[in-house]
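Examining the three-dimensional arrangement
The chain contents come next:
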Amino acid sequence: MKFILYSLKQALANLLRNKMVNALCLGIIAFTLLVPGIFNYISFNLERYINKLSENVEAIFYIKDESDSATIEKLLQHIQASLLVKEVGFTSKDQAQLKFAGEFPELKYILAEFDESPFPASIDVKFLADARNLIQIESFVRDINHSGPVESVQLNLDWARKIALIKKFASFAGFFLSAILMIVSIFIIFNVVKINIFYRRDEINILRLVGASNWYIKTPFLIEGLILGFLGGLLAGGLLLLTIKAFPLYAGFVYHIIKQLIDFKLLPQKIFWQLLATGTAIGLLSSFISLHRFVKVRPD
Amino acid sequence: MIQFFHVSKQYFGIEALSDLNLAIDRGEFIFLTGASGAGKSTLLKLIYKDEEPSKGQILIDSVNSTLIPANKLYKLRRQIGIVFQDFKLLMNRTVHENVAIPLLVRGEKKADIEKKVNSALALVGLTYRKRYLTAHISGGEQQRVAIARAIIGNPKILIADEPTGNLDTNLSIEIIKIFERINASGITTIIATHDLNLINLFPRRIIKLDKGQLVQDRRIEAGQ
């Protein structure tokens, strides 16, 4: 406990000693975390939007006229057994005719031309809402469509596919930019810790020679990197929230187009914690690399 | 206490120490002498393992120091008090803070540190400067702060590299007397110096190096 307090005190002293350098470093870390934060936020919202739309995903399988009831019953059971399915309904040929007559009474006279219902029997399937299921749903529908009693299928997932593509692009661009900017962050903290090591090199040398353990020497620098990364993440979270709140005020008509897709009311906790965790991890990693490189622990 | 077996040390192909064999007993007081570049500082650095020998083995208190891993090195250093030629003090800290460093790194209690710092400063006659900034005291006083810091951890070995190099004769004598008092408590004391007048004033075992080789190892008695 005493050691942790000592390390924390030393780390804070280091941070306060080089206020300008550390403030600059903090700003750069916050910016480098803000950019992936924005992409993450867009991706999060698109996924949420796809999920919302997915709640209404329905497929209608039209059954061949010659299919017997046992085959249809078997198919119904097969569909019901799927984990993707929320609800299954069966509409017979006669029910379909009745439904048509109920919905379009003015066209009832057409039906009189037929001896039996001209409509095929159908199986209506509602799927569970989850954007990740879209590909599975498509595959499932394709399998059922190719089974014996199914004549054709009605399903439209084009909209979901397009949004999923945008989301994929946002995720990819976010990941790519994040990777570059995180390397920049690591490099910056690495150099800030290097400057502090250089500034305290005499003290480090003395500590080493009077019997301080390696951890006793290194821990304050690790804590310093950790604090810088954590504060950078916190600042990035604040800036992201500010961006979200300010965007509708300044975006004008663009806002009206994309407000369906993106919810500008809140910053998801998941993204906020991700920023904090990433910042802290970057801080720790870069100070660790810097210490490994610049603090001499082995004799010459 | 300290044994060197065929120890050599090279820097970029230049031999600083050559096939050195040496044994120093517990509680001895030794003057390590020789001209500049003779290998005195290298020998001392090998003892506190700031340098590794290029060849040979070094035993410190029966432990082969060449086999101590980097992460356990602090255990060896806690047995050795070192007074550096350039003092290596933190000038922006007080005398008390400088002397307390070896105990702080060991995690000792504040009350114990206070007591031990007072004793160490009393031994070197510097109690009255306890709260002074180290930058604000004289060179002779800084030397004594360095000695107090070296002995506060109750080391088995005390090493001093040219401790009187920057001091006048009277101050030098005073400093060596302090080392004598420390040695009297059983601490093996090794002082590197090229000041022959000083050696003559305090007749002890003398180890002389020349171009990295041991050229003399003898005890001189008073009046010799």
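Residues numbered from 1 in each chain as written. Chains lettered and ligands numbered in written order. Predicted model: local features only at pLDDT ≥ 70, side-chain atom pairs only at ≥ 80, totals over all residues.

**Notes on the sheet that holds strand S1 (residues 58–63) of chain A**
All names here are of chain A. Reading across from one edge, S2-S3-S1-S4 is the order of the four strands in this open sheet, with antiparallel pairing throughout. Each of the sheet's edge strands pairs with one partner strand only, and the pair in question is strand S2 (85–91) and strand S4 (150–154). The mean angle between the axes of side-by-side strands here comes to 20°, regardless of whether they run parallel or antiparallel. Sitting on the sheet, helix H3 (residues 69–80) touches S1, S2 and strand S3 (122–127), and the angle it makes with S2 is about 165°. Helix-sheet contacts for helix H6 (residues 134–145) involve S1, S3 and S4, and the interaxial angle to S4 is about 155°. (Pairing = 2+ DSSP bridges. Helix = DSSP H or I, 4+ residues; strand = E, 2+ residues; numbered from the N terminus. Axes fitted to C-alpha atoms, helices over the stretch in contact; angles between N-to-C directions. Contact = placed C-beta atoms within 7 Å.)

**As for the sheet that holds strand S5 (residues 63–64) of chain B**
All names here are of chain B. Ordered in space as S2-S1-S4-S5, the four strands form an open sheet in which the pairing is antiparallel. Pairing within the sheet leaves two strands with one partner each, and these edge strands are strand S2 (14–24) and S5. Across five bridges, strand S1 (residues 2–11) lies against strand S4 (residues 55–60) in antiparallel orientation. Following the sheet pairing, phenylalanine 4 is matched in S4 by isoleucine 58. This element, helix H1 (residues 40–47), spans S1, S2 and S4 of the sheet and lies at about 120° to S1.

**Digging into the packing of helix H3 (residues 95–104) of chain B against helix H4 (residues 110–123) of chain B**
Residue and element names in this part refer to chain B. Packing of H3 against H4 leaves a shortest axis separation of 10 Å and a crossing angle of 125°. Here H3 is positioned oblique relative to H4, judged by the angle of their axes. Crossing of H3 against H4: the hand is right-handed. Counting all contacts with H3, which are made through His96, Val99, Ala100, Leu103 and Leu104, the residues of H4 involved are Ile113, Lys116, Val117, Ala120 and Leu121. Split into classes, the residues belonging to the contact of H3 with H4 amount to eight nonpolar, one polar and one charged. (Parallel < 35°, antiparallel > 145°, perpendicular 65-115°, else oblique. Left-handed = near helix turned anticlockwise from the far one by under 90°. Nonpolar A, V, L, I, M, F, W, Y, C, P; charged D, E, K, R; others polar.)

**Section: the pairing of S4(B)**
Residues and elements named next belong to chain B. Direction of pairing for S4 relative to S5: antiparallel, over a ladder of two bridges. Following the sheet pairing, leucine 59 is matched in S5 by asparagine 64. Counted between consecutive antiparallel strands, the loop separating S4 from S5 contains two residues, among which aspartate 61 sits at a positive phi close to 50°.

**What to know about unusual backbone geometry**
Residue and element names in this part refer to chain B. A positive phi angle, near 50°, is found at aspartate 61, a position not held by glycine. Tracing the backbone through its elements, the reader meets aspartate 61 in the loop between S4 and S5. Judged by local crowding, aspartate 61 falls into the partly exposed class, with 15 C-beta atoms found within 10 Å. Located in the positive-phi region is phenylalanine 87, a residue other than glycine, with phi close to 65°. Locating phenylalanine 87 in the fold gives a position in the loop between strand S6 (80–83) and H3. (Buried ≥ 20, exposed ≤ 12 C-beta atoms within 10 Å, placed from the backbone.)

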